[in-house]
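# Structural overview
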Protein chains: 2
Amino acid sequence: MYKFPNSIAKLIRELGKLPGIGSKTAQRLAFHILSLENEEANQLAESIVNAKKNTTLCSECCNLTEADPCPICSNNKRDHKLLCVVEQPRDVAALEKMNEYHGLYHVLHGAISPMDDIGPEDIKLRELLIRLQDHSEIKEIILATNPTVNGEATAVYLSRLIKPTGITISRIASGLPMGGDLEYADEITLAKAFEGRKVL
Amino acid sequence: MYKFPNSIAKLIRELGKLPGIGSKTAQRLAFHILSLENEEANQLAESIVNAKKNTTLCSECCNLTEADPCPICSNNKRDHKLLCVVEQPRDVAALEKMNEYHGLYHVLHGAISPMDDIGPEDIKLRELLIRLQDHSEIKEIILATNPTVNGEATAVYLSRLIKPTGITISRIASGLPMGGDLEYADEITLAKAFEGRKVL
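Calculation criteria
Residues numbered from 1 in each chain as written. Chains lettered and ligands numbered in written order. Predicted model: local features only at pLDDT ≥ 70, side-chain atom pairs only at ≥ 80, totals over all residues. Heavy atoms only, no water. Helix = DSSP H or I, 4+ residues; strand = E, 2+ residues; numbered from the N terminus. Buried < 20%, exposed > 50% of the residue type's maximum accessible area, 1.4 Å probe, protein only. Contact = heavy atoms within 4.5 Å. Areas by Shrake-Rupley, 256 points an atom, 1.4 Å probe, with all protein chains shown as cover. Lys, Arg positive; Asp, Glu negative; His and termini not counted. Charge placed at Lys NZ, Arg CZ, Asp CG, Glu CD. Domains from an automatic or database assignment. Least-squares fit on C-alpha atoms with pLDDT ≥ 70 in both. Buried area = accessible area lost by both parts, 1.4 Å probe. Salt bridge = Lys/Arg side-chain N within 4 Å of Asp/Glu carboxyl O. Polar contact = N/O pair within 3.5 Å; in protein donor to acceptor, adjacent residues only side chain to side chain. Nonpolar A, V, L, I, M, F, W, Y, C, P; charged D, E, K, R; others polar. Core = buried A, V, L, I, M, F, W, Y, C linked by side-chain atoms within 4.5 Å. Pairing = 2+ DSSP bridges. Axes fitted to C-alpha atoms, helices over the stretch in contact; angles between N-to-C directions.

### Here we look at the overall build of chain A
Within chain A, the secondary structure is distributed over 7 helices and 6 strands. Starting at the N terminus and walking to the C terminus, you meet the elements of chain A as α-α-α-β-β-β-α-β-α-β-α-β-α. For chain A, the spread of C-alpha atoms along the three principal axes comes to 65 × 45 × 35 Å. Buried residues in chain A amount to 39% of all 200 residues. For chain A, the share of sequence-separated contacts (at least 6 apart) that also reach a separation of at least 24 residues comes to 48%. Put simply, chain A shows about 11,800 Å² of open surface, and 53% of that area lies on carbon and sulfur atoms. Averaged over its 23 positive side-chain charges, chain A has a centre that lies 2 Å from the centre of its 27 negative ones.

### Some words on the domain arrangement of chain A
Partitioning chain A into domains gives domain 1 (6–54) and domain 2 (72–171). For domain 1 of chain A versus domain 2 of chain A, the separation of C-alpha centres amounts to 34 Å.

### Here's the deal with the relation of the copies chain B and chain A
Overlaying chain B on chain A yields an RMSD of 0.0 Å, the required transformation being a rotation through 180 degrees with an accompanying axial translation of 0.0 Å. What we have between these two chains is a two-fold relation. When C-alpha positions in chain B are compared against the rotation axis, the closest is assigned to B:Ala45, at 2.2 Å. By residue overlap, the copies meet face to face through one surface: 96% of the interface positions of chain B are interface positions in chain A.

### Remarks on the interface of chain B and chain A
On the side of chain A, 51 residues touch chain B, which itself brings 53 residues to the contact. Taken over both partners, the interface formed by chain B and chain A buries close to 4,600 Å², and the fraction arising from carbon and sulfur atoms is 69%. In this assembly, chain B and chain A are joined by 0 salt bridges. There are 8 residue pairs in polar contact (both at pLDDT 80 or more) connecting chain B and chain A. Counting only elements with at least two residues in the side of chain B that touches chain A, the list comes to α1 (6–16), α2 (23–35), α3 (38–54), β2 (64–65) and α4 (89–98) of chain B. The element best represented in the side of chain B that touches chain A is α3(B), accounting for 14 residues. Class assignment for the residues of the side of chain B that touches chain A results in 26 nonpolar, 16 polar and 11 charged.

### Topic: the nonpolar core
Among the nonpolar cores identified, the biggest contains 103 residues, and A:Leu15, A:Ile141, B:Leu15 and B:Ile141 are the most heavily contacted of them. Not counting the four nearest positions on each side in its chain, A:Ile141 is found in contact with A:Leu83, A:Val85, A:Leu132, A:Ile162, A:Ile167, A:Thr168, A:Ile169 and A:Ser170.

### What about the pattern of salt bridges?
Residue and element names in this part refer to chain A. This model, assessed by the stated rule, comprises 8 salt bridges over all chains. A salt bridge links Glu14 to Lys10; the shortest N-O distance between them is 3.0 Å. Taken together, the positions of Glu14 and Lys10, both in helix α1 (residues 6–16) and 4 residues apart, correspond to about one turn of that helix. Look at Glu14 and you get buried, because its relative accessible area is 7%.

### Brief notes about the sheet that holds strand β3 (residues 79–86) of chain B
All names here are of chain B. Pairing in this open sheet of 4 strands is parallel, and the strands run β4-β3-β5-β6 from one edge to the other. Single-partner strands in this sheet number two, and they are β4 (103–107) and β6 (168–171). Here the strands of the sheet are splayed against their neighbours by 25 degrees on average, with no regard to which way each runs. Taken together, the 4 bridges between strand β5 (residues 140–143) and β6 define a ladder with parallel strand orientation. Looking at the pairing, Ile142 lines up with Ser170 of β6. Contacting β3, β4 and β5, helix α5 (residues 125–134) crosses the sheet at an angle of about 145 degrees to β4. Sitting on the sheet, helix α6 (residues 149–162) is in contact with β3, β5 and β6, with an inclination near 170 degrees to β6.

What follows is the structure, given as structure tokens:
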């Protein structure tokens, strides 16, 4: 049986650990990297090391950042009365792209998932509660966890926890995506779209 | 507009240069890498640097190797009378997997492609000719370049070049892939399958 040289086999193995990269793709990526100039390959490796080294979690919102507090938390032009709770740093990036929301964020780094043994203490929930105590200016919390079983469970759990503080809690709408098609929508999405209908 | 911290943006940019990795996938991979333990991220980076550093081209067959000559060229149990010409190192890996061929290889690192301005001097063709001169024991050359326009052109060019030396030249068969379906095969593949039919 043909064996790749050790260092190539190791590279294929490491690339194959990335999400969505199977063994065939890992092999293709490895051969591509080997065909690069030394300079280019080193830049890729360096960017991995540097990104890990230079980023930390913002002590306020737990988002990935190079400066602490992060540019969003330290921006006085943003609305510090609004707080949007998301699961992952990539969700902040997605929401910022829409350019409509100008409040702050809180990144949970996960969602409650009893099936995977992830409880409230495994996500950045304590940090959120401490933050609510320290910053009494927060008036509304928008729960923007994913509309999945775990995301919904986390939203329900959070709303029960926060309710006694008197802060307004809202949940982002579920319904048909824009450009979507009634015919192809699943029943739960359709039910949510009806439930969330608005009077015109 | 939201901007990723510099080092994250750079990581996404570098990952996005890999083949088949678009900007969305690059972003997902970057966030995955950032969620890894330092140890794991460093291993990935190191494997890239090490693979580049430790591999070189075999001076005989031009395949990627850590030892020169490579394990295939230096293996006396292999048939040194047979030489299989392929385009890329990954092709050697694919052919070795079938476990049927026990001759040597020659890796061209590309194919002749006038459209992309890649001529005979841009691939490891000179190395092949020198090899044929030096190793008079080679009796058959199997052209296993891809059955694409460029691969076919390279095979034709090579066969004309080698013919005068008197060495037997063969081309791997084209036809329907095993498990394939006549109905879904394209015309050129079908024509090749007919042309290459064998008397039973």
